[in-house]
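Observations on the three-dimensional arrangement
The lines below spell out each chain.
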Amino acid sequence: MIYLTHFRTASTTDYELFDDVVFPQKVHWFPDTYTRAKSGLFYVPHRLAEKVLDAKLLAYLRENPVGKTAFILAGGNAHFAGIGPRHYDNRLSYVYKFMPFSLTQVFAGRTAQACGSMDMVTTDASACASSLKVMMDVQNLIRHYDYERVIVLTVEDGVTNAVLEFFGEAKAVLTQKQEETGIKPSAFDSTNFGFRIGQGAAFAVFESERAVNQQNLTPHAELLGAYSASENSTNAIGQCENGEGFAKAMSGAMHYSKVNPEDIKIVKAHGTGTASNNLSEKTALGNTLKDFVATSYKQKIGHTMGSSGLLETLLLLQDMKSGFVPAIENRTETDSVYLSESINPPEGLVMSLAAGMGNIYSAAIFKGL
Amino acid sequence: MNFLELLNAVAKLARPIHFETVSITEMETPFQEIGIDSLDGLVMMMYLTELYGIEEEVCKEWSPKTPQEMHDLLMAHKTREPASVEEAMEQCK
């Protein structure tokens, strides 16, 4: 059995208009992460990571080794690495001076040291599916490679020139022009759609049953299984309308979790609210599951890119512990499946979904404890 | 301003949060013997060159092995100087 034993999250519902980018848009961000970034001494993704690197928790992990341990940095897209985003001069422009620390694996190695002795340190760049895709790695390492503890740090700075420009050009984000016409971010809705970019990070510790018993811990949740898949597509940045990729990921996760479709009662959707994602994800859910409710967090905290899958899952587990499954914000239709109102958590399992450009779909199944 | 005091403060800032605090007490003791590795040294140098107003182009070829060598390079190329360790730490925030 695989348990989620500790976690920390960082996300914000605050947003601000960035009008000095090619496609003006509102973004969810932490302004403090940019403090002094322009000096080149501070790198925004590191500042984001610091928000979830709790010194007390790190000390606990160092002082309580449990056996074979791995550290995974789910970095999402390539923007974690290399120099700062300096496409053109605006407030997001900076050039990082410490090249070694801006390389994803070096940052992972340095950060992993803070968690104690490691048997493996690795990184993942599976775009916006990254942090949920690594649940498959967590599952494999603990089930098949005798790992007792797998630590996952996921952090990505979505608020950069490159990302804002790319998503603006792809017409994936809501632009200021669209928001001025009254459009609000939402998913699976006939009127509102799309998302805002956001900054976010999450830190989560997954441990074997033996490690949990050894430490006498009370876990937050059980990870039952996870799976990632691709689909037969000719467009590497698009999604098949028939939901093939999502469906394969969901079926795989249920197979490795040894559960049936009717066991899944709550879905944390990828929920970007783009026309393409609305269609593919809804089709796959309708064809794969039986009786469920679906929610989404991107409307509330923005699209935190590589961090989004795991970060949003942890937020859902927290909300469920507080006694509710939140509605998908800005729904204009009454809907009891793709929730237009918050509800009490139904009894059953949670399935989290994520998709990433480059043709990757991930699903993970959790049992809240 | 006591340079060793500044160096200790910058080392604390530059090194990972879980590393034991190093104590730099001698100007001639090599950084390696103090327990400061190459990445720590790189970050420390970037902070120090920022504090002393030295361009990246000037300092990128430096590889000081001891506090004394670091001090001499900074003094030879500085365009400004922090008034105190406290002021320097404030600038590094």
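As shown above, the structure is provided for reference.
The structure contained in this document is the topic of the report that follows. (Residues numbered from 1 in each chain as written. Chains lettered and ligands numbered in written order. Predicted model: local features only at pLDDT ≥ 70, side-chain atom pairs only at ≥ 80, totals over all residues. Heavy atoms only, no water.)

Our focus in this paragraph is the overall build of chain A. Counting secondary structure elements, chain A contains 12 helices and 12 strands. In summary, chain A has a C-alpha radius of gyration of 19 Å against a globular reference of 21 Å for 369 residues, a match within 12%. With the C-alpha coordinates aligned to their principal axes, the bounding extent of chain A is approximately 55 × 50 × 40 Å. Looking at the 369 residues of chain A, the share that counts as buried comes to 61%. For chain A, the exposed surface amounts to about 13700 Å²; the carbon and sulfur share of it is 50%. (Helix = DSSP H or I, 4+ residues; strand = E, 2+ residues; numbered from the N terminus. Rg over C-alpha atoms; globule rule 2.2 N^0.38 Å. Buried < 20%, exposed > 50% of the residue type's maximum accessible area, 1.4 Å probe, protein only. Areas by Shrake-Rupley, 256 points an atom, 1.4 Å probe, with all protein chains shown as cover.)

All right, on to helix α9 (residues 244-257) of chain A then. Residue and element names in this part refer to chain A. The terminal C-alpha atoms of α9, which comprises 14 residues, lie 20 Å apart, in line with the 20 Å expected from a rise of 1.5 Å per residue. Turning to α9, its buried residues number three or more, namely Gly245, Phe246, Ala247, Ala249, Met250, Gly252, Ala253, Met254 and Ser257. Where α9 is buried, its residues touch β8 (221-229), β9 (264-268), α10 (275-288), β11 (349-356) and β12 (360-368). Lys258 lies just past α9 and shows a positive phi near 55°. (Expected span 1.5 Å × (residues − 1). Contact = heavy atoms within 4.5 Å.)

To continue, consider the pairing of β8(A). Residue and element names in this part refer to chain A. For β8, the tally of buried residues reaches 8 of 9 residues, placing the bulk of the element in the interior. The pairing of strand β1 (residues 2-10) with β8 spans 3 bridges and is antiparallel. Of the residues in β8, the one forming a bridge with Leu4 is Ala221. Judged from the 8 bridges that link them, β8 and β12 form a sheet pairing that is antiparallel. Looking at the pairing, Glu222 lines up with Lys367 of β12. (Pairing = 2+ DSSP bridges.)

Bringing helix α1 (residues 3-14) of chain B into the picture now. Between the first and last C-alpha of α1(B) there are 16 Å, a value that for 12 residues agrees with the 16 Å anticipated at 1.5 Å per step. Taken together, the buried positions of α1(B) are B:Phe3, B:Leu4, B:Leu6, B:Leu7, B:Ala9, B:Val10, B:Ala11 and B:Ala14. On its buried face, α1(B) is in contact with α4 (104-113) of chain A together with α2 (31-34), α3 (38-51), α5 (67-77) and α6 (85-92) of chain B. Sitting at the head of α1(B), B:Asn2 places a side-chain oxygen 2.9 Å from the backbone nitrogen of B:Leu4. (Polar contact = N/O pair within 3.5 Å; in protein donor to acceptor, adjacent residues only side chain to side chain.)

Right, let's talk about the interface of chain A and chain B for a bit. Counting residues at the interface gives 17 residues for chain A, matched by 18 residues for chain B. Between chain A and chain B, the buried area comes to about 1400 Å², and carbon and sulfur atoms account for 65% of it. Between chain A and chain B we count 4 salt bridges in total. Across the pair A:Arg36 and B:Glu50 runs a salt bridge, and its minimum N-O distance is 3.5 Å. On inspection of chain A and its partner chain B, the count reaches 4 residue pairs in polar contact (both at pLDDT 80 or more). Every element with two or more residues in the side of chain A that touches chain B is listed here: α2 (55-63), α3 (99-102) and α4 of chain A. (Buried area = accessible area lost by both parts, 1.4 Å probe. Salt bridge = Lys/Arg side-chain N within 4 Å of Asp/Glu carboxyl O.)

This part is about the nonpolar core. The biggest cluster of nonpolar side chains holds 54 residues, and the ones touching the most others in it are A:Ile197, B:Leu6, B:Ile24 and B:Leu48. Sorting elements by how many residues they give to this core places α1(B) first, with 8 residues. Aside from chain neighbours lying at most four places away, what touches B:Ile24 is B:Leu4, B:Leu7, B:Asn8, B:Ala11, B:Ile34, B:Ile36, B:Met44 and B:Pro67. Judged by nonpolar contacts, the second largest core, of 40 residues, contains A:Ala70, A:Ala129, A:Ala226 and A:Ile360. (Core = buried A, V, L, I, M, F, W, Y, C linked by side-chain atoms within 4.5 Å.)

All right, on to the side chain of A:Glu222 then. Residues and elements named next belong to chain A. Tracing the backbone shows Glu222 in strand β8. This buried residue, Glu222, is left without a salt bridge; Lys367 holds the nearest opposite charge, at 4.9 Å. Not counting the four nearest positions on each side in its chain, Glu222 is found in contact with Met1, Ile2, Tyr3, Ile365, Phe366, Lys367 and Leu369. (Lys, Arg positive; Asp, Glu negative; His and termini not counted.)

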